[in-house]
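Examination of the molecular architecture
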Amino acid sequence: MANRIIPIQRLSESFRLLLSSYTKAINNRYQRKGNLFQQKTKSKNLNEGKNNYVEQAFHYIHQNPVKALLCNELHEWDFSSYRDYAGLRNGKMCNIELTEKLLNLDMEKFEEYSKSFCGDVNEKEIM
């Protein structure tokens, strides 16, 4: 697999278009107008010299529903890939083997590590 670097401007524009298209589709479907999201979307640079920044972001994303008080435990949130990575669901959207390789994760200890993970991801807006 060849390494590909996507310029941040192109990636940011792609996400902007994705969110805009999604908003338009929902607004059309439910005959409504306006924003769907309260805050502007922030993008984070995952290459700021921290050794485990990508891994921190990976676990941070899985912890968001608990931190937002949407559920009590990581495995309770249906809309997360956490259960796929923890082996609690056999989803088809996650490439667990690739994630394990890229992040150098021990998937046998994923659930245990995720629950004890305390890393604080620095939310710096780069757009």
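Below you will find a few notes about this structure.

Quick notes on the rules
- Residues numbered from 1 in each chain as written.
- Predicted model: local features only at pLDDT ≥ 70, side-chain atom pairs only at ≥ 80, totals over all residues.
- Heavy atoms only, no water.
- Patch = residues over 30% accessible without salt bridge, like charges linked within 9 Å, V, L, I, M, F, W, Y side chains within 5 Å.
- Areas by Shrake-Rupley, 256 points an atom, 1.4 Å probe, with all protein chains shown as cover.
- Salt bridge = Lys/Arg side-chain N within 4 Å of Asp/Glu carboxyl O.
- Helix = DSSP H or I, 4+ residues; strand = E, 2+ residues; numbered from the N terminus.
- Buried < 20%, exposed > 50% of the residue type's maximum accessible area, 1.4 Å probe, protein only.
- Phe/Tyr/Trp six-rings, centres within 6.5 Å; stacked < 30°, edge-to-face > 60°.
- Polar contact = N/O pair within 3.5 Å; in protein donor to acceptor, adjacent residues only side chain to side chain.
- Contact = heavy atoms within 4.5 Å.

On to a nonpolar patch on the surface, then. Judged by side-chain polarity, L11, F15 and L18 come together as a nonpolar surface patch covering roughly 280 Å² of accessible area. Mapped onto the elements of the fold, L11 is located in helix 1 (residues 8–29). Looking at L11, the relative accessible area reads 33%, which means it is partly exposed.

Another aspect to go through is the pattern of salt bridges. Scanning all chains against the criterion turns up three salt bridges. Note that R16 is salt-bridged to E13, the shortest N-O span being 2.7 Å. Of this pair, R16 and E13 are both found in helix 1, three residues apart, which corresponds to roughly one turn of the helix. Of the charged contacts, one joins D78 and R83 as a salt bridge, the two residues approaching to 2.7 Å between their closest N and O atoms. On the basis of relative accessibility, which here comes to 47%, the residue D78 falls in the partly exposed class.

Applying the stated criterion across every chain, the model contains five aromatic pairs. Pairwise contacts between aromatic rings join F58, Y82, Y85 and F110 into one cluster.

With that settled, the discussion passes to the side chain of T99. With respect to the helices and strands, the residue T99 is situated in helix 4 (residues 96–103). The class for T99 is buried, based on a relative accessible area of 12%. Side chain to side chain, T99 and Y85 meet in a polar contact 3.0 Å long. Ignoring sequence-local partners within four residues, the contact set of T99 consists of F58, Y85, N104 and L105.

Structurally, the position occupied by L36 is in the loop between helix 1 and helix 2 (53–67). For L36, a relative accessible area of 30% corresponds to the partly exposed category. As a C-alpha pair, L36 and L19 span 17 residues in sequence and 9.3 Å in three-dimensional space. Those residues within four positions of L36 in sequence are excluded, and the remaining contacts are Y22, T23, I26 and N27.

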